[in-house]
Amino acid sequence: MTRLSVNINKIATLRNARGGDMPNVVEAAQRIESFGAQGITVHPRPDERHITYQDVADLKKVVTTEFNIEGNPNDKFIDLVLNNKPTQVTLVPDAVDAITSDAGWDTVKNEDYLKEIVSLFKKEGIRTSIFVDPNQDMITGAQKTGVDRIELYTEAYAKHYQNNKLTAIRAYKECAVLADSLALGVNAGHDLSLDNIAYFKEQIPVLKEVSIGHALISEAMYLGLENVVKQYLNKLK
Ligand SMILES: CC(=O)[C@@H](O)[C@H](O)COP(=O)(O)O
Ligand SMILES: NCC(=O)COP(=O)(O)O
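Residues numbered from 1 in each chain as written. Chains lettered and ligands numbered in written order. Predicted model: local features only at pLDDT ≥ 70, side-chain atom pairs only at ≥ 80, totals over all residues.

This part is about unusual backbone geometry. Excluding glycine, residues mostly carry a negative phi; peptide bonds, for their part, are mostly trans. A cis amide bond, omega 0°, links methionine 22 with the succeeding residue proline 23. With respect to the helices, strands and loops of the structure, proline 23 is situated in the loop between helix H1 (9-16) and helix H2 (25-34). A positive phi angle, near 50°, is found at glutamate 48, a position not held by glycine. Tracing the sequence through the fold places glutamate 48 in the loop between strand E2 (39-42) and helix H3 (53-62). Located in the positive-phi region is histidine 190, a residue other than glycine, with phi close to 115°. Secondary-structure assignment places histidine 190 in the loop between strand E7 (185-189) and helix H9 (197-203). A residue is classified by how many C-beta atoms lie within 10 Å of it, and histidine 190, with 25 of them, is buried. (Helix = DSSP H or I, 4+ residues; strand = E, 2+ residues; numbered from the N terminus. Buried ≥ 20, exposed ≤ 12 C-beta atoms within 10 Å, placed from the backbone.)

So this is what it looks like as structure tokens:
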């Protein structure tokens, strides 16, 4: 089974558009869990343009499924994670001004740095994951840091899926097999959607978890949140 972790950043984007508390991110997370999702993901950005640091603390109190916090491990992020002790922390090398995540880690160049951060979080009992492009050297490099899992950055898969799903999936399959052989758990995320998720899951049987936000919340505008969460769960069985 592949677990669905719903990224609720976009619920916070909508709330922040008016500066009030509608929609309420805590209520949204609780509803998403009640619809069967096995996790809640947040990716607070340094400018707090969607999920705020206060949201993370509020969510920590109520999330009963897996809580996954993603971000670039600057000092503020490290404190946030240590203060809120999620189930999993996913390290993403995004620039401060990035519109969204646009690359995985160079795990070879950053091996020593990542080793240090991974060990800091693991000592606190937090599962660790590193966001990587589907590149075998990056998988081997990730394993050397002592990390528990990798998260495959799926933007390229999503982009090419419509034109040629066979070529779109190839590098991801190879990296997932390699990661599994190195005892690294395999997560995936970015631009996954109701259209492309089933094939990704079918082709990567070792897939432990997907985190999905932008497409899922957009699809929910047409189809309803409960319906959409349940459709993903069906496709991930
Ligand atoms: C790592 C990743 O791919 C997601 O966390 C994604 O970047 C969501 O962040 P935004 O909602 O800010 O686009
Ligand atoms: N880790 C990926 C994530 O949380 C959601 O990415 P997206 O579905 O918003 O592109």
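Next up on the list: the UniProt feature "binding site: 3-amino-2-oxopropyl phosphate" (unreviewed entry) in the protein chain. As recorded in UniProt, the sites labelled "binding site: 3-amino-2-oxopropyl phosphate" (unreviewed entry) are Asn7, Arg18, Asp191, Gly213 and His214. Taking the farthest pair of C-alpha atoms as the criterion, the annotated set spanning 208 residues is dispersed, since that pair is 25.8 Å apart. Note on placement: asparagine 7 falls in strand E1 (residues 3-7). Residue classification places asparagine 7 among the buried residues on the basis of 25 C-beta atoms within 10 Å. Sequence-distant contacts of asparagine 7, defined by excluding residues within four places in its chain, comprise Thr41, His43, Ser211, Ile212 and Gly213. Note on placement: histidine 214 falls in helix H10 (residues 214-223). Given 16 C-beta atoms within 10 Å, histidine 214 falls into the partly exposed group. (UniProt positions renumbered as here; feature names shortened; annotations may be inferred. Contact = placed C-beta atoms within 7 Å.)

Attention now moves to the nonpolar core. Counting residues in each nonpolar core, the largest one holds 64 residues, and the members touching the most others are Val6, Ile8, Ile40, Ile130, Val132, Ile150 and Val186. Residue contributions to this core peak at 6 residues, all from helix H8 (residues 165-181). The residues touching isoleucine 150, leaving out its near neighbours within four places in the chain, are Ser129, Ile130, Val132, Ile139, Ala142, Ala179, Leu184, Val186 and Asn187. (Core = buried A, V, L, I, M, F, W, Y, C linked by C-beta atoms within 7 Å.)

Taken together, Asn7, Asn9, His43, Arg45, Glu70, Val92, Thr100, Ser101, Phe131, Gly189, His190 and Gly213 are the residues near ligand 1. Of the residues in the shell around ligand 1, the class split is 2 nonpolar, 8 polar and 2 charged. (Near = placed C-beta within 6 Å. Nonpolar A, V, L, I, M, F, W, Y, C, P; charged D, E, K, R; others polar.)

With that settled, consider the site of ligand 2. Close to ligand 2 lie 14 residues, the nearest being Asn7, Gly189, Ser211, Gly213 and His214. Residue assignment for the shell around ligand 2 shows that the elements contributing at least two residues are strand E8 (207-212) and H10. Residues of the shell around ligand 2, tallied by class, amount to 3 nonpolar, 8 polar and 3 charged.

Here methionine 1 is to be found in the segment before E1. As a C-alpha pair, methionine 1 and leucine 236 span 235 residues in sequence and 6.6 Å in three-dimensional space.

Moving on to the UniProt feature "binding site: 1-deoxy-D-xylulose 5-phosphate" (unreviewed entry) in the protein chain. As annotated in UniProt, the feature "binding site: 1-deoxy-D-xylulose 5-phosphate" (unreviewed entry) corresponds to Arg45, His50 and Thr100 in the numbering used here. These annotated residues cover 56 residues of sequence, and their C-alpha atoms all fall within 11.5 Å of one another, placing them together at a single site. Positionally, arginine 45 belongs in the loop between E2 and H3. Among the structural elements, histidine 50 can be located in the loop between E2 and H3. Histidine 50 has contacts with Asn9, Lys10, Ala12, Thr13, Asn16 and Arg45, leaving out every residue within four places of it along the chain.

Okay, the sheet that holds strand E4 (residues 88-91) next. The strand order around the closed barrel built from 8 strands is E1-E2-E3-E4-E5-E6-E7-E8, with neighbouring strands paired in parallel fashion. Going from strand to strand, the sheet's axes swing by 25° on average, the running direction of each strand aside. (Pairing = 2+ DSSP bridges. Axes fitted to C-alpha atoms, helices over the stretch in contact; angles between N-to-C directions.)

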